[in-house]
Amino acid sequence: LGVGVAFFREYMDDTLKDSEQVKQLLGVPALTTIPFLGDRSRSDAGRAHTLVSQLDPKSPPAEAFRALRTALHFSSIKQSKKVLLVASALPGEGKTTVSANLAVTLAQAGGRVLVVGCDLRKPSLHQFFTGHQTPGLTEILVGDSDFDSAVNLAGAPNVDFLSAGSSPPNPVELLGSATMSSL
């Protein structure tokens, strides 16, 4: 009975297990796999979260972010890459962690990076970098602040960040606004 239940659960499980399944199902290659970072929270220079790309550059996760940087570079070698969107279907999958560490990794290769926090519901990008949470993107979009006063130095060379700012009651409308398009 136990073995039967195990096989039935495996049969009913439709989650993706590895990058090969992603490639087969979606028809697109996986650029890299970032290992699970675990609980790396420390109070380092006031940061609640760890930038492994900066603080532990020889670690396997930092190497995975460098592999992602290289894969992004070679995935569109003949196209200019100015904007990169990191998104996922569910909360807690690591969008902010990937964004922050990838920004540091891109800057380490000599680029200048601006990370924009667009999570207006539960903003946390400011926890990865030194700087303030407000004013941020929300304040720019509603006209309470200008871009120059809202951008923060991230505490990493060649990285600046624009935090999400305060949580508005209408985040979808703000992100879909003409002001966001012009920004």
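About the cut-offs
- Residues numbered from 1 in each chain as written.
- Predicted model: local features only at pLDDT ≥ 70, side-chain atom pairs only at ≥ 80, totals over all residues.
- Heavy atoms only, no water.
- Helix = DSSP H or I, 4+ residues; strand = E, 2+ residues; numbered from the N terminus.
- Salt bridge = Lys/Arg side-chain N within 4 Å of Asp/Glu carboxyl O.
- Core = buried A, V, L, I, M, F, W, Y, C linked by side-chain atoms within 4.5 Å.
- Buried < 20%, exposed > 50% of the residue type's maximum accessible area, 1.4 Å probe, protein only.
- Contact = heavy atoms within 4.5 Å.
- Pairing = 2+ DSSP bridges.
- Axes fitted to C-alpha atoms, helices over the stretch in contact; angles between N-to-C directions.
- Parallel < 35°, antiparallel > 145°, perpendicular 65-115°, else oblique.
- Nonpolar A, V, L, I, M, F, W, Y, C, P; charged D, E, K, R; others polar.

**Regarding the environment of Ala 67**
Link 1 in the chain: Here Ala 67 is to be found in helix 4 (residues 60–75).
Link 2 in the chain: Between the alpha carbons of Ala 67 and Pro 168 there is a distance of 36 Å; along the sequence they are 101 residues apart.

**What to know about the pattern of salt bridges**
Link 1 in the chain: Counted by the stated rule, this structure contains 2 salt bridges.
Link 2 in the chain: Between Arg 66 and Glu 63 there is a salt bridge, and its shortest N-O distance comes to 2.8 Å. In this pair, Arg 66 and Glu 63 both sit in helix 4, 3 residues apart, roughly one turn of the helix.
Link 3 in the chain: In this structure, the salt-bridge partner of Arg 112 is Asp 160, at a minimum N-O distance of 2.6 Å. Note that Arg 112 is positioned in the loop between helix 5 (95–108) and strand 1 (113–116) and Asp 160 in strand 3 (residues 159–162), a separation of 48 residues in sequence.

**Points about the nonpolar core**
Link 1 in the chain: In terms of nonpolar packing, the biggest core is built from 14 residues, with Leu 51, Ala 100, Val 115, Leu 125, Phe 129, Val 159 and Phe 161 touching the most fellow members.
Link 2 in the chain: Elements with a contribution of two residues or more to this core: helix 5, strand 1 and strand 3.
Link 3 in the chain: For this core, the element with the most residues is helix 5, which contributes 4 residues.
Link 4 in the chain: Excluding its chain neighbours within four sequence positions, the residues that come into contact with Val 115 are Ala 103, Leu 125, Phe 129, Val 159, Asp 160, Phe 161 and Leu 162.
Link 5 in the chain: Membership of the second largest hydrophobic core comes to 8 residues, among which are Leu 120, Ile 140, Leu 162 and Ala 164.

**What about the pairing of strand 3?**
Walk down a regular strand and you will see the side chains alternate between the two sheet faces.
Link 1 in the chain: Alternating positions in strand 3 separate into two faces, Val 159 and Phe 161 on one and Asp 160 and Leu 162 on the other, with burial throughout.
Link 2 in the chain: Relative to strand 3, strand 1 is paired through 4 bridges, and the arrangement is parallel. Its bridge partner lying in strand 3, Val 115 is registered against Phe 161.
Link 3 in the chain: The turn joining strand 2 (residues 152–153) and strand 3, which pair antiparallel and follow one another in sequence, is formed by 5 residues; a positive phi near 90 degrees is taken by Gly 155.

**A word on the packing of helix 4 against helix 5**
Link 1 in the chain: Put simply, helix 4 and helix 5 touch, their axes get as near as 9 Å, and they point 70 degrees apart. Considering their axes alone, helix 4 and helix 5 lie roughly perpendicular with respect to each other. Residue-level inspection shows Phe 65, Arg 66, Leu 68, Arg 69 and Leu 72 of helix 4 in contact with helix 5, the latter providing Thr 97, Val 98, Asn 101, Leu 102, Thr 105, Leu 106 and Gln 108.
Link 2 in the chain: Residues of the contact of helix 4 with helix 5, tallied by class, amount to 6 nonpolar, 4 polar and 2 charged.

**So, the sheet that holds strand 2**
Link 1 in the chain: If you trace the 3 strands from one edge of the open sheet to the other, you get 1-3-2, paired in mixed fashion. The outermost strands of the open sheet, each flanked by one partner alone, are strand 1 and strand 2.
Link 2 in the chain: Here 2 bridges tie strand 2 to strand 3, and the two strands are oriented antiparallel to one another. Within strand 3, the residue paired with Asn 152 across the bridge is Phe 161.
Link 3 in the chain: Sheet contacts for helix 5: strand 1 and strand 3; angle to strand 1, the most-contacted strand, approximately 170 degrees.

No statement about biological role is implied by the geometric values presented.
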